[in-house]
Structure formats: structure tokens, C-alpha cells
Amino acid sequence: MSHVVGIVVEAWADTREECLAEAVQALVENFADVGDAVPDDSVVIVSAEETDEALLMDVLDEAIYQVEACHRVAVDVSVDERTKATMGQVEVRLATVPVGAVVRVGPVPKAVAVQHLRFGRTDGVWRAHVDVDV
């Protein structure tokens with residue numbers, strides 16, 4: 001019988017953009033101590049997801065993909081809403097370092113679970129909650 005082990009990532013902030021960044025940082029903190037690592041590369045995600053939950057899932061999936069496929073860890077996150085011609089799109093930049101530049105403190109996440117995923121404004125604060133398989 002297999003047993004899936006997972007973690008819960010929770011984040012909160014005053015704005016959606018800050019909460020997205022906090023969620024990525026919380027995900028990374030579960031498997032890496034980034035210390036004073038200085039980013040030397042970045043990846044940009046442009047998302048036009050219709051729901052906040054789908055946007056959160058896209059961003060966390062990309063952070064996991066970066067570790068698994070590119071051997072890079074997100075150490076900083078910036079989020080910009082697009083305007084005019086690209087209305088409704090969000091641009092997320094993950095500043096990254098090589099995996100070898102951080103100290104591993106736990107298992108690398110494998111996937112974001114759709115069930116129990118929540119991302120939205122509650123009581124004046126943006127909150128994210130997601131289960132992650134490791």
C-alpha cells in the first residue's frame with residue numbers, strides 16, 4: 001500500500017501579488033534554506049488564468065518544475081498585473097539560483113494538489129492554502 005506524504009503551504013499578505021510571492025517562498029522554505037543566495041537568472045510566467053486559484057497553481061507548479069527539470073530554486077518573486085492590450089494577464093518573475101547554491105533541508109515537492117487549494121481575500125487579507133505532494 002502506498003502512502004503519499006505531503007506538506008501544507010500557507011501564506012497571507014495584504015495584496016494578491018504579495019500573497020503569491022509569500023506562497024512561493026513558503027514552498028521553497030520547506031525544502032531549501034536559500035540563505036543569502038543571489039539570483040543569477042530568472043524565469044517569467046505570463047498567466048491569463050480565470051481564477052486566483054488557477055494562478056496560484058500555475059506559479060507553484062512552475063517553481064516545482066524549475067527545481068525538477070532545470071535544477072534551479074526560486075529565491076525571489078515579483079508579480080506585475082498587465083494592463084491595456086494584455087488586460088487580465090499577470091506576469092510573475094521567479095529569480096533563481098542553481099540548486100547547489102542552497103542548502104537542502106527537506107524533500108523537493110512533486111506536485112500541487114487541486115483538492116483543498118484556496119486562494120482569495122478573507123477578512124481584508126489575501127490568504128493561500130495548498131497541499132503539496134513530496
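Preceding block: the structure.
Scope of this entry: the structure provided in the associated data block. The shown structure was predicted, so the numbers you read here are calculated from the model rather than taken from an experiment.

A few words now on unusual backbone geometry. Here the phi dihedral of His71 falls at roughly 60 degrees; this positive angle occurs in a residue that is not glycine. Structurally, His71 can be placed in the loop between helix H2 (52-70) and strand E4 (72-81). Judged by relative accessible area, which is 51%, His71 ranks as exposed. Backbone geometry at His116 places phi at a positive 70 degrees, although glycine is not the residue there. Take His116: it is sitting in the loop between strand E7 (111-112) and strand E8 (118-122). The exposure class of His116 is exposed, given its relative accessible area of 52%.

Look at helix H1 (residues 16-29): 20 Å from first C-alpha to last across 14 residues, which is about the 20 Å you get at 1.5 Å a residue. Within H1, the full set of buried residues consists of Arg16, Cys19, Leu20, Ala21, Ala23, Val24, Ala26, Leu27 and Val28.

Before going further, it helps to examine the nonpolar core. If you look at the biggest cluster of nonpolar residues, it comprises 41 residues, and the most contacted ones within it are Val24, Leu56, Leu60, Val92 and Leu94. Sorting the residues of this core by element identifies strand E1 (6-13), H1, strand E3 (41-47), H2, E4, strand E5 (90-98) and strand E9 (125-133) as the ones contributing at least two each. Broken down by element, the residue count for this core peaks at eight residues, all from H1. Not counting chain neighbours up to four residues away, the residues in contact with Leu94 comprise Val24, Asp41, Ser42, Val43, Ile45, Glu62, Ala63, Ala74, Asp76 and Val77.

Strand residues, when the strand is regular, have side chains that alternate between the two faces of the sheet. One ladder, built from five bridges, connects E8 with E9; its direction is antiparallel. From the neighbouring strand, Thr122 faces E9, where its bridge partner is Val125. Count of turn residues in the E8/E9 antiparallel hairpin: two residues, of which Asp123 carries a positive phi of about 50 degrees.

Moving on to the environment of Glu10. Tracing the backbone shows Glu10 in strand E1. Spatially, the C-alpha atom of Glu10 lies 8.9 Å from that of Asp131, the residues being 121 residues apart in sequence. Beyond its immediate stretch of four places on either side in the chain, Glu10 contacts Ala26, Ala128 and His129. Polar contacts involving the side chain of Glu10 include one to the side chain of His129, which spans 2.9 Å.

Right, let's talk about H2 for a bit. Compared with an ideal rise of 1.5 Å per residue, which puts 19 residues at 27 Å, H2 spans 26 Å between its outermost C-alpha atoms and is within 8% of the ideal. Two residues or fewer past H2, His71 is found with a positive phi of approximately 60 degrees.

Together, Asp14, Glu18, Glu22, Glu29 and Asp33 line one region of the surface with negative charge. The biggest single contributor to the negative patch is H1, with three residues.

The next subject is the pattern of salt bridges. Under the counting rule described, the total for this entry stands at three salt bridges. A salt bridge links Arg16 to Asp52, with the shortest nitrogen-to-oxygen separation between them at 2.6 Å. Linking Arg16 in helix H1 with Asp52 in helix H2, this pair joins segments that are 36 residues apart in sequence. Residue classification places Asp52 among the partly exposed residues on the basis of a relative accessible area of 23%. A salt bridge links Glu68 to Lys110; the shortest N-O distance between them is 4.0 Å. You can see Glu68 sitting in helix H2 and its partner Lys110 sitting in the loop between strand E6 (103-104) and E7, a full 42 residues away along the chain.

How each quantity is defined
- Residues numbered from 1 in each chain as written.
- Predicted model: local features only at pLDDT ≥ 70, side-chain atom pairs only at ≥ 80, totals over all residues.
- Heavy atoms only, no water.
- Helix = DSSP H or I, 4+ residues; strand = E, 2+ residues; numbered from the N terminus.
- Buried < 20%, exposed > 50% of the residue type's maximum accessible area, 1.4 Å probe, protein only.
- Expected span 1.5 Å × (residues − 1).
- Core = buried A, V, L, I, M, F, W, Y, C linked by side-chain atoms within 4.5 Å.
- Contact = heavy atoms within 4.5 Å.
- Pairing = 2+ DSSP bridges.
- Polar contact = N/O pair within 3.5 Å; in protein donor to acceptor, adjacent residues only side chain to side chain.
- Patch = residues over 30% accessible without salt bridge, like charges linked within 9 Å, V, L, I, M, F, W, Y side chains within 5 Å.
- Areas by Shrake-Rupley, 256 points an atom, 1.4 Å probe, with all protein chains shown as cover.
- Salt bridge = Lys/Arg side-chain N within 4 Å of Asp/Glu carboxyl O.
- Lys, Arg positive; Asp, Glu negative; His and termini not counted.
- Charge placed at Lys NZ, Arg CZ, Asp CG, Glu CD.

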